[in-house]
Amino acid sequence: MKIQLELGRLMTKRKISTKQQKRPLYDNPVSKWIDKRLPIFTFIRHSLDEYPTPKNLNWLWNGGSLAGITLLIMIISGITLAMHYNPDPADAFNSVERIMRDVNYGWLVRYIHVNGASFFFILVYLHMFRSMYYGSYKSPRELLWIVGVLILLLMMATAFMGYVLPWGQMSFWGAKVITNLFSAIPFVGDSIVHWLLGGNNVAAPTLHRFFALHYLLPFLIVAFVAIHLICLHQFGSNNPSGVEVKKAQDQIPFHPYYTVKDLYGLAIYLLVFSLFVFFAPNFFGEAVNYNPANPLVTPPHIVPEWYFLPFYAILRSIPDKLGGVLGMFGAVSVLFFLPWLDRSKIKSAAYRPMFRPLFWVFILNCIILGWVGAKPPEGWYLIVGRVSTLYYFAHFLVVLPVVGWMERPLTPPASISDHYKQKHKRQKK
Amino acid sequence: MIRLFAFLLLFLSAQASAEFGAIPPKEKHWSFQTPLGTFDRAALQRGFQVYKEVCAACHGLSHIRFRELSALGFNNKEIKAIANDYQIKDGPNDEGEMFDRPGIPGDAFPDPYPNEQAARVVNGGAYPVDLSLIIKGRENGANYVYSLLTGYKDPPKDLVLFEGKSYNPYFEGGQISMIAPLNEGQVTYSDGTTATVDQMAQDVVTFLAWASEPELETRRQIGLKVILYLIVFSLLMYFVYRSVWRNVK
């Protein structure tokens, strides 16, 4: 306890102010020499130590750094798996089993990678819902949001191709169903499918190219994450009050305040992640995918991974094949226009009495879509799916513009500091 | 939390199997299904005996090598003896010929048929699947396989079975190509356990669950340590977080 207090005292000794004196970060002549030619230490100081951050961020603002760390975990575990994996239809399934059984701690690496994918999507969806609730996509952060949606698209492509690699029954049939969607495109559809698959069917060329692309795309994601961060650092984080920074007291340096908060968040996150990796590693998976791919036997239900289910539901709700494909891609593409569809000047839903309940209706609607996506497209499921699909698009194209126009928002706090004080008082009581 | 997952899994799988025209499997307590559960070593050895003397006639176990049987409690000498009982196809030798030789601990269990077509011809068109992943590859696998093995019945009066099929309500569609594989006293257990159908089914399911996830016990032991470590780490980080933020007003 004493050590802990001492540590805390040392860390809080610095003045809480963003206007820090330009103290030399390094006395070491080697560091000086390097920094003059490659300002790496200046850069680190600028983006951690001096980076001013609103002081009222809540726990939902942990999502971004956690997603970044998960991306790193995925790349490291993925490269390790690639050292032992064989992308040949005759051996792919067996090579994954060799990783599980023969490679030292191969089961650990693979279960981290498999569950990491699901956790990545959980984090990114939470991250996006947070932006929607607090209006983080609004001016001046429109490009930050758009780059984020691009990252989501890249993640979806990566995850889809990654799921094909173990070459189980669901890998094979999932690949077949999804690539076949492109045949709905008029005139060039069949040629596109042929080009995607490298032939007429999901076979060796498909598996080889999916492996190559599954290895490539994560590095593209890294590049887009860098752009995402540059956009972020331009204006800094949004915050739960939705009010922009007005005075110096509104902010605190990122380090140490948010580095320790992110570390605490990381510890809790790893705890939950480990519960799945070690005690329920196949929770998110389909048992049927532990059967080798068989082009002659179609599984009774072909379902994608859980993170694609809402989009799969939209695909199947539209009774026309091309319409379904357009609907599915439209469901993601509509997000690009979100900053201009939401007409309200007020960012945070906390001060938007009409939008707030409708936000939760939207979340509920997404969950319903996910549930319908896992069910066969018949009877009531089909009807619920169609209503939910319609509402999904209505939320963006009708609800958001109309609410922005009709709503009488409450008055947000005058500044971030005021918001922080209010919150602090409430907690103390 | 894990119970909740287990419940959800059971619920979902029960729903899934109901949709495909099979009745939901019997729910049984398995020692290896609790969060820190392990395999019962005696059951593993008995289950291996059932696999070797009954299942292996038609079903492969290609992902398991003889040496891995040490996890069941066999010593090196016993494993060599077990491997030696199998004939492994090897070669080509210097004359370019394939030849059979007795197994060594590094060999995997040989498949009972040279290829899928050969298996189908002998089994009325059906293909006896490899059992290495049978428990992992089925929803609620342990209960499903156990129910299947103990679930053979006389067909309902209005049901006409196809030629060569047996009635088993736990199997999708109710008509299965595998004839009831276990009969009372079919194996003689060396530990004196009575070889009832139920006992043999339990034992072989335990063995096959191990074959599906040989890492299960190690995974849980490491997992426990990781979780304990992360709990301490979280607490420390919480205190650091609180004391760093103490002065933010």
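On a predicted model such as this, the values are computed, not experimentally measured, just so you know. (Residues numbered from 1 in each chain as written. Chains lettered and ligands numbered in written order. Predicted model: local features only at pLDDT ≥ 70, side-chain atom pairs only at ≥ 80, totals over all residues.)

A. Looking closely at the overall build of chain B. Assigned secondary structure in chain B consists of seven helices and four strands. N-terminal to C-terminal, the α/β element order of chain B is α-α-α-β-β-α-α-β-β-α-α. In summary, chain B has a C-alpha radius of gyration of 23 Å against a globular reference of 18 Å for 249 residues, an excess of more than 25%. Overall, chain B is about 80 × 60 × 40 Å in size when its C-alpha atoms are taken along their principal axes. Looking at chain B residue by residue over its 249 residues, the buried ones come to 29%. (Helix = DSSP H or I, 4+ residues; strand = E, 2+ residues; numbered from the N terminus. Rg over C-alpha atoms; globule rule 2.2 N^0.38 Å. Buried ≥ 20, exposed ≤ 12 C-beta atoms within 10 Å, placed from the backbone.)

B. Here's a closer look at the overall build of chain A. The helix and strand tally for chain A stands at 17 helices and two strands. For 429 residues, the compact-globule formula gives about 22 Å, and the C-alpha radius of gyration of chain A, at 24 Å, lands near that figure. Taken over the C-alpha atoms alone, chain A extends approximately 70 × 60 × 45 Å along its principal axes. Considering only contacts within chain A whose residues lie at least 6 apart along the sequence, 78% involve residues at least 24 apart. (Contact = placed C-beta atoms within 7 Å.)

C. Quick peek at the domain arrangement of chain B. For chain B, the assigned domains are domain 1 (6-64 + 108-214) and domain 2 (217-249). Relative placement of domain 1 of chain B and domain 2 of chain B: their C-alpha centres are 42 Å apart. (Domains from an automatic or database assignment.)

D. Up close: the interface of chain B and chain A. With 35 residues of chain B at the contact, the number on the chain A side is 33 residues. Within the residue set of the side of chain B that touches chain A, elements represented by two or more residues are α1 (2-19) and α7 (216-245) of chain B. Taken together, the residues that form the side of chain B that touches chain A break down as 21 nonpolar, seven polar and seven charged. (Nonpolar A, V, L, I, M, F, W, Y, C, P; charged D, E, K, R; others polar.)

E. The arrangement of unusual backbone geometry in detail. Each neighbour pair has its own omega, and for Ser139 of chain A with Pro140 of chain A the value is 10°, a cis peptide bond. Mapped onto the elements of the fold, Pro140 of chain A is located in the loop between α6 (106-134) and α7 (142-164). The peptide bond linking Gly91 of chain B to Pro92 of chain B adopts the cis configuration, its omega dihedral lying at 5°. Inspection of the secondary structure assignment puts Pro92 of chain B in the loop between β1 (87-90) and β2 (99-102). With a phi close to 55°, Trp167 of chain A is a non-glycine residue in the positive phi region. Taking the number of C-beta atoms within 10 Å as the measure of exposure, Trp167 of chain A has 24 and is therefore buried. Even without a glycine there, the phi angle at Phe187 of chain A is positive, about 65°. Its location among the elements puts Phe187 of chain A in the loop between α8 (169-181) and α9 (189-197).

F. Just the packing of α7 of chain A against helix α10 (residues 204-235) of chain A, in detail. All names here are of chain A. Running from amino to carboxyl end, α7 crosses α10 at an angle of 160°, the nearest separation of the two axes being 8 Å. In terms of their interaxial angle, α7 and α10 are classed as roughly antiparallel. The interaxial crossing formed by α7 with α10 has left-handed handedness. (Axes fitted to C-alpha atoms, helices over the stretch in contact; angles between N-to-C directions. Parallel < 35°, antiparallel > 145°, perpendicular 65-115°, else oblique. Left-handed = near helix turned anticlockwise from the far one by under 90°.)

G. Looking closely at the domain arrangement of chain A. All names here are of chain A. Each domain of chain A was delimited in the assignment, giving domain 1 (49-302) and domain 2 (303-407). Opposite the 28 residues of domain 1 that make contact, domain 2 presents 22 residues. Considering every element that reaches the side of domain 1 that touches domain 2, the biggest residue donor is α7, with eight residues. Split by residue class, the side of domain 1 that touches domain 2 holds 18 nonpolar, seven polar and three charged.

H. Layout of the packing of helix α2 (residues 29-37) of chain A against helix α3 (residues 40-49) of chain A. Residue and element names in this part refer to chain A. At their nearest, the axes of α2 and α3 sit 6 Å apart, and the two run at 85° to each other. Between α2 and α3, the angle falls in the class roughly perpendicular. Contact with α2, carried on its side by Ser31, Ile34 and Asp35, involves Ile40, Phe41 and Thr42 of α3 and no other residues of that element. In terms of residue class, the contact of α2 with α3 is made up of three nonpolar, two polar and one charged.

I. Looking closely at the environment of Phe119 of chain A. Residues and elements named next belong to chain A. Relative to the helices and strands, Phe119 resides in helix α6. Taking the C-alpha atoms as reference points, Phe119 and Tyr307, 188 residues apart in sequence, are found 9.9 Å from one another. Among residues more than four places away in sequence, those in contact with Phe119 are Thr70 and Phe273.

J. Local environment of helix α16 (residues 379-406) of chain A. All names here are of chain A. In α16, a bend of some 50° at Ala394 exceeds every other bend along the element. Those residues of α16 that sit buried are Gly385, Ser388, Thr389, Tyr392, His395, Val399 and Leu400. Buried residues in α16 make contact with α12 (309-317), α13 (321-333), α14 (338-341) and α15 (355-373). (Bend = angle between axes of the 7 residues up to and from the residue.)

K. Representation of the environment of Val398 of chain A. All names here are of chain A. Looking at the secondary structure, you find Val398 in helix α16. A count of 12 C-beta atoms within 10 Å places Val398 in the exposed class. Residues Val398 and Ala374, 24 residues apart in the sequence, show an inter-C-alpha distance of 27 Å.

L. Quick look at the confidence of the model for chain A. The share of residues in chain A with pLDDT of 70 or more is 94%, and the mean pLDDT across the chain is 92. Below pLDDT 50 for its whole length, residues 1-20 of chain A participates in 24 contacts with residues either more than four positions away or in separate chains. (pLDDT = per-residue confidence, 0-100.)

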